[in-house]
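# An overview of the molecular structure
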Amino acid sequence: MTLRALWVLRNVDRILCEDTRVTARLLARFGIDRPLEPYHDHNADRVRPAVLAALQRGEKLALVSDAGTPLVADPGFKLVRAALAEDLPVTAAPGPSAALTALILSGLPPDTFLFAGFLPPRRAARRHALANWADLAATLVFYEGRSRLAAALADMAAVLGDRSAAVARELTKRHEEMRRGRLAELAQYYGAGEAPRGEAVIVVGPPQAPAPVAADELDARLLALLAEHSLRDAVARLAAETGMPRRALYERALTLQQAAP
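So, a few notes on the structure that sits alongside this text.

The rules we used
- Along each chain, residues carry numbers from 1 onward, in the same order as the chain's sequence is written.
- The predicted origin of the model limits local features to residues at a pLDDT of at least 70 and limits the giving and counting of side-chain atom pairs to 80 or more, whereas totals for whole chains, interfaces and linings rest on all residues.
- Side-chain measures here rest on the full set of heavy atoms in the structure, leaving out hydrogens and waters.
- Convention adopted: a line fitted to C-alpha atoms gives each axis, helices being fitted over their contacting stretch, and angles between N-to-C directions are expressed from 0 to 180 degrees.
- Here a strand is any run of E in DSSP of at least two residues, a helix any run of H or I of at least four, and the numbering for each starts at the N terminus.
- Roughly parallel means an angle under 35 degrees; roughly antiparallel, over 145; roughly perpendicular, 65 to 115; everything else is oblique.
- Only heavy atoms enter the contact rule, under which two residues are in contact if any of them lie within 4.5 Å.
- In this classification, the charged set is Asp, Glu, Lys and Arg, the nonpolar set is Ala, Val, Leu, Ile, Met, Phe, Trp, Tyr, Cys and Pro, and all remaining amino acids, among them Gly, are polar.
- To estimate how far a helix should reach, multiply one less than its number of residues by 1.5 Å.
- Here's how the labels work: a residue is buried when its accessible area is under 20% of the maximum for its type, exposed when over 50%, partly exposed in between, all with a 1.4 Å probe on protein chains only.
- In this description, the arc belongs to the directions extending from the helix axis to the C-beta atoms.
- Two strands are counted as paired when DSSP detects at least two bridges linking them.
- Only centres within 6.5 Å qualify two rings of Phe, Tyr or Trp (six-membered ring in Trp) as a pair; their planes then separate them into stacked at under 30 degrees, edge-to-face at over 60, and tilted for everything else.
- In this scheme, the term charge over a ring applies when either NZ of a lysine or CZ of an arginine sits within 6 Å of the ring centre and within 35 degrees of the ring normal.

With that out of the way, let us pick up the packing of helix 9 (residues 215-226) against helix 11 (residues 246-259). Orientation of helix 9 relative to helix 11, taken along the N-to-C sense of each, is 75°, at an axis distance of 10 Å. By the angle between their directions, the pair helix 9 and helix 11 is classed as roughly perpendicular. Residues Leu218, Asp219, Leu222, Leu223 and Leu226 of helix 9 lie in contact with helix 11, whose contacting residues are Leu249, Arg252, Ala253, Leu256 and Gln257. A class-by-class count of the residues in the contact of helix 9 with helix 11 yields seven nonpolar, one polar and two charged.

For the rest of this paragraph, the subject is helix 11. Quick reminder: α-helices carry 3.6 residues per turn. Residues three or four places apart thus point the same way. With 14 residues, helix 11 ought to run about 20 Å at 1.5 Å a step, and its terminal C-alpha atoms sit 20 Å apart, in line with that. Where helix 11 is concerned, the buried positions are Arg246, Leu249, Ala253 and Leu256. Angular distribution of buried residues about the axis of helix 11 spans 90°; they occupy a single face of the element. Turned more than 90 degrees away from the buried face of helix 11, the exposed residues are Arg247, Gln258 and Ala259. Each element contacted by the buried residues of helix 11 is listed here: helix 6 (123-133), helix 7 (149-160), helix 9 and helix 10 (231-242).

The residue threonine 23 is located in helix 2 (residues 20-29) in this model. The contact partners of threonine 23, leaving out residues within four places of it in the chain, are Ile15, Cys17, Leu36 and Val64.

Attention now moves to the sheet that holds strand 6 (residues 164-169). Strand order across the open sheet formed by five strands is 4-5-8-6-7, with mixed pairing between neighbours. Edge positions in the sheet fall to strand 4 (113-118) and strand 7 (177-182), since each of these pairs with one other strand and no more. Strand-to-strand, the axes of this sheet are offset by a mean angle of 15°, without reference to chain direction. The pairing of strand 6 with strand 7 spans six bridges and is antiparallel.

What follows deals with the packing of aromatic side chains. Aromatic ring pairs: the centre-centre distance and the angle between the two ring planes describe each pair. Enumeration over the complete set of coordinates arrives at three aromatic pairs. Taking 5.6 Å as the distance between ring centres and 65° as the angle between the ring planes, the aromatic pair formed by phenylalanine 118 and tyrosine 143 counts as edge-to-face. With phenylalanine 118 in strand 4 and tyrosine 143 in strand 5 (residues 139-144), this residue pair connects regions lying 25 residues apart in the sequence. The class for tyrosine 143 is buried, based on a relative accessible area of 11%. Between tyrosine 189 and tyrosine 190 the ring centres are 4.9 Å apart and the planes differ by 90°, which places this aromatic pair in the edge-to-face class. Of the residues examined, tyrosine 190 reaches a relative accessible area of 7% and is grouped as buried. Connected via pairs of aromatic rings, a cluster forms that spans Phe115, Phe118 and Tyr143. Between the NZ or CZ atom of arginine 29 and the centre of the ring of phenylalanine 30, over which it lies, the distance is 5.2 Å. Over the aromatic face of tyrosine 189 sits the side chain of arginine 179, whose NZ or CZ is 3.8 Å from the ring centroid.

Now the structure itself:
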């Protein structure tokens, strides 16, 4: 908790929050007595017009999330967008961010990174989403729930290749955990036991520079994969194995298919 955030919470007229019970404990810890009102995914469309009207009247309102930073994987985005559309002043009192904290502690390159939030829950959609980031020369940061952690790590290893990665849980709390390793190793670890408590942050390192592959070996591996998989899957598998750009592999696979008898 920052001094600025405490000043803001003490000086607003009302506080909007995901769960009034959670925020009430926070305020009690610092001796702050302000009215609390729920604002979350289930009531946001109904509550938002009244909130905007209060801001137009000159009321000062704060938005608090249960954990992490508001608007990062959080329902506050539409409220901020609506307030800006009406030329209402908006500011932020930044607090802890799970994504940035995990990135810093992962030991992976932080200079260029992509925060992709939560992946789709189903395997096919998750792998399709991961394929969009496979060739990006950046560290990737994801959020994931406890029940899908092992499956998501396994899909990342299959689509992105067995890259260096880290899984962070309970950040800045008493039972903080940071586990580092290769994606396949982490998938095996979290799949072997009971699903861990809480949500996790997965940090995946950027693709490594591909080791040179001779043209005849590349063609042979492509033909072997094409004999068992679709063109898309064959290219995805070889890209994950070699780190080579998908576009180049796709074009080569098309040429091989057209040349085949």
